[in-house]
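The lines below spell out each chain.
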Amino acid sequence: MDRAQKEKLVEELGQIFESSGVVVVSHYEGLTVAEMQDLRGRMREAGGSVRVAKNRLAKIALEGQPCASIAQYLNGMTVLAYSEDPVAAAKVVNDYAKENDKLSILGGAMGESALDVAGVKAVAAMPSREELIASIVGCIGSPASGLAGAIGAPASNVASILSTIEERAEAA
């Protein structure tokens, strides 16, 4: 890799670090190509990406970035998982690490906040953006259905009272 390619890679990594909602650093020693492809596929489905880069170039790209604190994790065979959604990358890496002991989470960053292993797992346990939107929509729709039921209830109550009066009149 010549100097121009390295500079281009550092620039790309800098953009990744700047625009990502979360970056997770993991060790991947012993993962096969098929297992790495599986991880990449899962991450793609969740809206994130996986990147293997030279640690030295990644450290250079981290200089001046909000997530510069992850530079301490860049030792050995590391893989970077990132996504714009602050939960997606952490969730996918955490789930994959549970299934495959060859992938171990080292830490990460969410904006300017540094995350240790427990922090990444805590972020992974949070609901994703889509889940939050669905729950908000459910909360918004719930009062409307309750209101419609409350408006319709007096009419059905009046109808049942009239029906009871009618039955009593016929019985007498």
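For every chain, the first residue of its written sequence is number 1, and the numbers climb from 1 along that sequence. Residue-level local features of this predicted model are given only where pLDDT is at least 70; pairs of side-chain atoms are given and counted only at 80 or more, and the full residue set underlies all totals for whole chains, interfaces and linings. Calculated side-chain values reflect all of the structure's heavy atoms, with hydrogen atoms and water omitted.

Caption draft 1: Spatial organisation of the overall build of the protein chain. Put simply, DSSP H or I for four residues or longer makes a helix, DSSP E for two residues or longer makes a strand, and each gets a number counted from the N terminus. When its secondary structure is counted, the protein chain shows 6 helices and 5 strands. Reading the helices (α) and strands (β) of the protein chain from amino to carboxyl end gives α-β-α-β-α-β-α-β-β-α-α. Here the protein chain holds 172 residues, and the buried ones make up 34% of them. In the protein chain, once contacts between residues fewer than 6 apart in sequence are set aside, the share between residues at least 24 apart is 78%. Type-normalised accessible area, obtained with a 1.4 Å probe on protein chains alone, sets the label of each residue: buried when under 20%, exposed when over 50%, and partly exposed for intermediate values. Note on contacts: a residue pair qualifies if any of its non-hydrogen atoms lie within 4.5 Å across the two residues.

Caption draft 2: Focus on the pairing of strand β2 (residues 48-51). Only one face of β2 is covered, namely the one carrying Gly48 and Val50; the face carrying Ser49 and Arg51 has none of its residues buried. By the bridge criterion, 4 bridges tie β2 to strand β3 (residues 78-83) in an arrangement that is antiparallel. Along β3, the bridge assignment pairs Arg51 with Leu80. Only strands joined by at least two bridges in the DSSP assignment are considered to pair.

Caption draft 3: The sheet that holds β2, seen in detail. Across the sheet, 5 strands lie side by side as β2-β3-β1-β4-β5; this open sheet has antiparallel pairing. Single-partner strands in this sheet number two, and they are β2 and β5 (113-115). Between one strand axis and the next, the sheet turns by 15° as a mean value, whatever way the strands run. Pairing of strand β1 (residues 22-27) with strand β4 (residues 104-110), which is carried by 5 bridges, proceeds in the antiparallel orientation. Note on geometry: axes are C-alpha line fits, over the in-contact stretch for helices, and angles between N-to-C directions span 0 to 180 degrees.

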